[in-house]
Every structure is written in structure tokens, then in C-alpha cells.
Amino acid sequence: MDNIYTPYLMNISDVTDEAPGVRTFRLNFQNEDEGKNFKFQAGQFALYSAFGYGESTFCIASSPTRKDYVECTFRQAGRVTNALSELNAGDTIGFRGPYGNVFPIEEWEGKNLVFVAGGIALPPLRSVIWNCLDLRDKYKNITIVYGAKTVADLVYKNELKEWTARDDVNLVTTVDPGGETPDWTGKVGFVPTVVEETAPDSKDTIAIVCGPPIMIKFTLPVLEKLGFKQDKVYTTLENRMKCGLGKCGRCNIGCTYICKEGPVFTAEEISKMPDEF
Amino acid sequence: MEKTLKKEKLNSLITGLKDKGYKTIAPKKDNNLITLCEIQEADEIHFDHVQTNNSIKEYFLPKTEKILSYTIEKTKVSIEEPEGFAVKSVVFGSRPCDAASLPIMDKVFNWDCTDKFWIERREAITIVTIACDKCDSYCFCTSVCLAPDAKQGSDVLLTKISDDEYLVETETEKGEGLIKELETVFSEPPSGTPDRQVATVEKKFEIDKVKPWLDENFVHKIWAEFSTKCIGCGACTFVCPTCHCFDIVDECTMSKGDRVKNWDGCQFKMFTLHTSGHNPRSTQDQRWRQRIMHKFKYYVEKFDNILCVGCGRCSRVCPADMNISEMLEIISTDEGQPEPVSKE
């Protein structure tokens, strides 16, 4: 019988420093057959292991349309992420996944999309953003509102430039007051305020929001005020996880296991959960 | 299949099991504690007790177990799968409540994908239960739809019918196979109706009233009131036969390591602590509520089973004298309007 806790072995083929303490790994399967059979969809997550230190949970940050590799972006914060950040291109890491549910991007076809992300929460949305951009014809207007504390804290700086240059994407970047630099050309202000100023009409529009709890808390009412119905607003949740498979018993909010029934939820689904975020 | 087992035949039974290649686990008195542990001789088995201090759980979900090993060599890692963890064994003399916990937990360990460490042990281990002929004030199996002679989860059920004789009833094919393997040890069933010596366990609360109350009262002052004395030691979760939460950690030297699964518990602050410092269950009343909700609401909704068998261990070991059946009694008799407290 297969061991559900055994990770795939993957090579780190590329390392990118995104922001202070934030790094992206590009990963390739060591076993080619495993790589060929591997499939995932935007929104899913995985457990990444630094052997000798343990496993840590993050979303898959690359798009399923880019089939040759998997990417993850993480902030150095605890034991495992510090150990991961010690690894270099050519080193081996463990990868267990994909787990969880997905963004229903087929249901969104023919609609406008507005992505709202704060800080280190752009990586979970990057997968679905690129997925939709790679299928650009299927969607109408695409708006991305992205904010961070400071200019230095913005992740994927090259991709932000790429999205700015594209005329089929409307990117709005913002930093918290005091986080701007003299040459900063984006907005200064908190994400909820900027969303209120820049979000497109809610008609025929899906909003996808991810960020720290405080940002979500203040952004959802703004979207509601702009006329977004709760079932048209999506987010992805995270909780501490160990197995990712619904067995270790800690990631639940009420009856809902984030690892199995999530991590993607609509605002409507979240409104029905008990207040234990 | 029905048989009887005379106490004088116990020696032959335990020797027989050994000869057939079974490891035997049974209650044994050790330093004044009655513990389910491996035994070699029939003399070691202890009978005259209400409950063992440890539950049957650790023979299926060990306190700590290796789920994989690895060797790190420069940039390469090789993984080795653990083998031989499921040892052909018989648990002899566990209580019906412990046995009943196993099919309940099969559901979570089989949820969508199978945890082979649990399932392969389930296949390798045969459960021979002895029905309870006595109980104490902590027992509440009858309040959670079980009984001192419940059959759920047992392969063979023994019931005392006289001071030196047990009635033997097989409940599964596996149990029947075991009895057939050791046929000479058992006698023919008694003629007439045997006098089953089974304890009377008082019913403490109406289980049907518990979930409807929980459905309405996620926010209620009772959670804080009842859990004020909880010190968060987690002993309740460790002795519980149905608490199955675990942690996964790496234990490693320079180049070799094991990934291990360790018991964990929802009563610990660290259990849900995010790396950012945020904790969705930051206070003890939230963690106590999680324990009750998981057992009597969430698990019921997911798997159609209460995650509690009424063994009473959690209340027996609690250093702060918290009693889960008292809590459930309060809940099931609460007729009043919910008195919500606002969350800060």
C-alpha cells in the first residue's frame, strides 16, 4: 500500500530572491515519470520539506499552464522555512501534493476578474493570475490590485513590470503610508481603500482576494459596498497543517477542514463558518 | 460461533497464541497501574479492574512512529519506507469501549486516502474483548449508544458467566479464524441461557440533545465557565481512545533522518499556532470547545459517528477534575435560551 506521507523528491532548479526574507524556488521532479503524471490546478497547495527539519505548507505559486516545473514562494519565518532558505539550486527538497480544492476558473469564463492581494499573499494568487492570463481570450477585463508594506516588500517585481507593460492587464500597486520611496510611481494607501478607488464595476465581475486577516476583514465590506455578491468573491485560507490530508486534526474551522474542503472558499461560504479564524 | 473459555485454560491460550506467531497485548499490573502492554505468560494478565490506564489506541497509532527514513548525501536525498510495523498480534482483555473506538477511527484514517500505518495494523491485530463486569462513576458508555458488553470493533467478545468461565462469542471472520486456530483451548457452549455478568452503567445524559445544542451554541458563556480550571495539559487527549490528532516532525543527525508521526492534542496552544504568531484558537476555552465540538458535532457531521466511547479516562486522569460527562449533562439539559457572550 502507498505511503501517503512520502513526498516526491524534487530538484531546486532556480532560486529567486523576491523581497527581504522572501524567496521563490523553481522545482523539477527528479523522477521523470512522476513529473509527466503530475497534475494540479490553480488554488492547490503542497507540503514542502527541508529534510532534517520538517515540512511546511504553502500554495503552489506557478500556473498549471506552465507544465515543466512547480514554483513556490515563501517567507523565512520558522524552523522549516529558515532551513529551506539555506538550500541552493541543485539541492533536493521534498514535495507532497497537490492537495485541496481549486479556483473554479472555468465558471469565470466570459467575466471580468479583479484580483486583490496583500504582501506575501500574492503567491497564492499568482498561480490563478497566470492561469487566466495564459487563457486570456476567455476572460474580459483583468484588474490586479496588489499592496505591500513597503516598496521593498513587493514580491515578483519583474512580473509586476511585465503586467504593467501589458495593455490587457490593469495593475494597481500600492504601499502603506511611509513605505514609499522617492521614485515610487504607484499608490500610497491601504489595500481596502485602494480597492474602493480602483475596483471595476461589480457587474459580471469576480473578485479574488488574498491577504493577511486584517486586510481581508476590511476588504470584504468594501467589495460588498461596491455591489459584489458574496458568492462572486473568492479567497484562499491557510491554517497550520501537518498532513494536508484531513487526518492530523488541526486545520478545521468548525466542521470545515481547510486542507480537504479548502483552501479556496467564497465569501458566502466563509460567512457561514464559526468565528474561529 | 459460541464457545466457552475456562480460566484454567488461559495458560494454554497464551502459549497457543505464542506458538501461532502472535504477540499478545493484555492488561498487566505494573507499579499500581493497570496497563495494556505486551505479555509473555497468562499469569501476567490482570482481570479485576474497571479500565486500563492507557487505551488500545497506541497499538494502532503509536505515541511516536517512523513514517519514512532518509539519507542525505550532498545534494541528493534517498527515501526508505518503513517496514514491519504491523505485527501479527492479539489484544486480549481490552474493554468494549476501546474496541468500539477502532471502527470509528477507521473512518478518518480512510477518508479519501488511506493511512497505511493505521490500516495495516488494523489488519494485523485481532481484538479479544472482555465485557465489563464492573464500572465506576466515570464510565458513561451507555450515554454514547454503547454498552459494557458492546460488540463494535471486537473480533471476539468474552463475557464472564461464572467465576472461572467466560462465554466466547465471535463477531468477525478474523475472530472466528482465531478461535479455530486454537480450537482445543475452548469448550463447547453451555446448554441453556448462561448467566452473563455484565455491569450496569448508569446513563448520564441524552446524547440526542447534545448535537442540536452544539449546532446553536458555538458562542456561549459555558465554554469559558467550564474550562476556567483547565490547565491545558492535554492528558485527556492522550488517554482518549478516539483522539487521533498527530504532529509530523523530522528527527535527524548529520546525514540520516526519520520523519515521525507523534501524538498531538487540541488542548495545546502550539497545536494551531501560525508562524506569524496568529492563533485561531488562542485561548483555553476555544480549545476546550474544539474538543467537545470535534467529538460530538464535527465528527458526527463528517462520518456519522460520535467520536467518544464513554470510557471516562479523560475525566479520571484530569488533574483539574474536569469531567466531560458533567459538561454533556449540562448541555443536554440546557432548556434555556442561548446566552451568547460577545467575542472581543
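Given the structure is predicted, the values throughout are model-derived calculations rather than measurements.

Turning to the packing of helix H5 (residues 191–198) of chain A against helix H6 (residues 213–225) of chain A, a few remarks are in order. Residue and element names in this part refer to chain A. Here H5 crosses H6 at 20°, and the two axes come no closer than 8 Å. As summarised for this structure, H5 and H6 are arranged roughly parallel, according to the angle between their axes. Where H5 crosses over H6, the two elements pack in a sense that is right-handed. Facing H5, whose interface residues are Val191, Pro192, Val195 and Glu196, H6 presents Met215, Phe218, Thr219, Val222, Leu223 and Lys225. Of the residues contributing to the contact of H5 with H6, the split by class is seven nonpolar, one polar and two charged.

All names here are of chain B. Strands sit in the order S1-S9-S8-S7-S6-S2-S3 across an open sheet of seven strands; the sheet is mixed. Every other strand in the sheet has two partners, leaving strand S1 (2–6) and strand S3 (33–39) as the edge strands with one partner each. The mean angle between the axes of side-by-side strands here comes to 25°, regardless of whether they run parallel or antiparallel. Its contacts with the sheet put helix H3 (residues 116–124) on strand S6 (89–94) and strand S7 (125–130), and the angle it makes with S7 is roughly 65°.

All right, on to the side chain of A:Arg250 then. With respect to the helices and strands, A:Arg250 occurs in the loop between strand S12 (233–236) and strand S13 (252–253). Residue class for A:Arg250 comes out buried when judged on its relative accessible area of 2%. In terms of polar contacts, A:Arg250 uses its side chain to reach the side chain of B:Asp264, at 3.1 Å. A distance of 3.3 Å separates the side chain of A:Arg250 from the backbone oxygen of B:Phe271, its partner in a polar contact. With near-sequence residues (within four places) excluded, A:Arg250 lies in contact with A:Arg240, A:Met241, A:Lys242, B:Phe246, B:Asp247, B:Asp264, B:Phe271, B:Thr272 and B:Arg281.

Frequently, the measure chosen for interface size is the accessible area that the parts lose on association. Residue and element names in this part refer to chain B. Structurally, chain B comprises domain 1 (2–185) and domain 2 (207–333). Taking only C-alpha atoms, the centre of domain 1 and the centre of domain 2 are 24 Å apart. Listed as interface residues are 41 residues of domain 1 and, on the opposing side, 44 residues of domain 2. Across the domain 1/domain 2 interface, buried area totals approximately 3600 Å², and carbon plus sulfur atoms make up 59% of it. Viewed at the interface, domain 2 and domain 1 are joined by four salt bridges. With its nearest N and O atoms 2.8 Å apart, the salt bridge here joins Arg313 to Asp98.

Cut-off values and rules
Residues numbered from 1 in each chain as written. Chains lettered and ligands numbered in written order. Predicted model: local features only at pLDDT ≥ 70, side-chain atom pairs only at ≥ 80, totals over all residues. Heavy atoms only, no water. Axes fitted to C-alpha atoms, helices over the stretch in contact; angles between N-to-C directions. Helix = DSSP H or I, 4+ residues; strand = E, 2+ residues; numbered from the N terminus. Parallel < 35°, antiparallel > 145°, perpendicular 65-115°, else oblique. Left-handed = near helix turned anticlockwise from the far one by under 90°. Contact = heavy atoms within 4.5 Å. Nonpolar A, V, L, I, M, F, W, Y, C, P; charged D, E, K, R; others polar. Pairing = 2+ DSSP bridges. Buried < 20%, exposed > 50% of the residue type's maximum accessible area, 1.4 Å probe, protein only. Polar contact = N/O pair within 3.5 Å; in protein donor to acceptor, adjacent residues only side chain to side chain. Domains from an automatic or database assignment. Buried area = accessible area lost by both parts, 1.4 Å probe. Salt bridge = Lys/Arg side-chain N within 4 Å of Asp/Glu carboxyl O.

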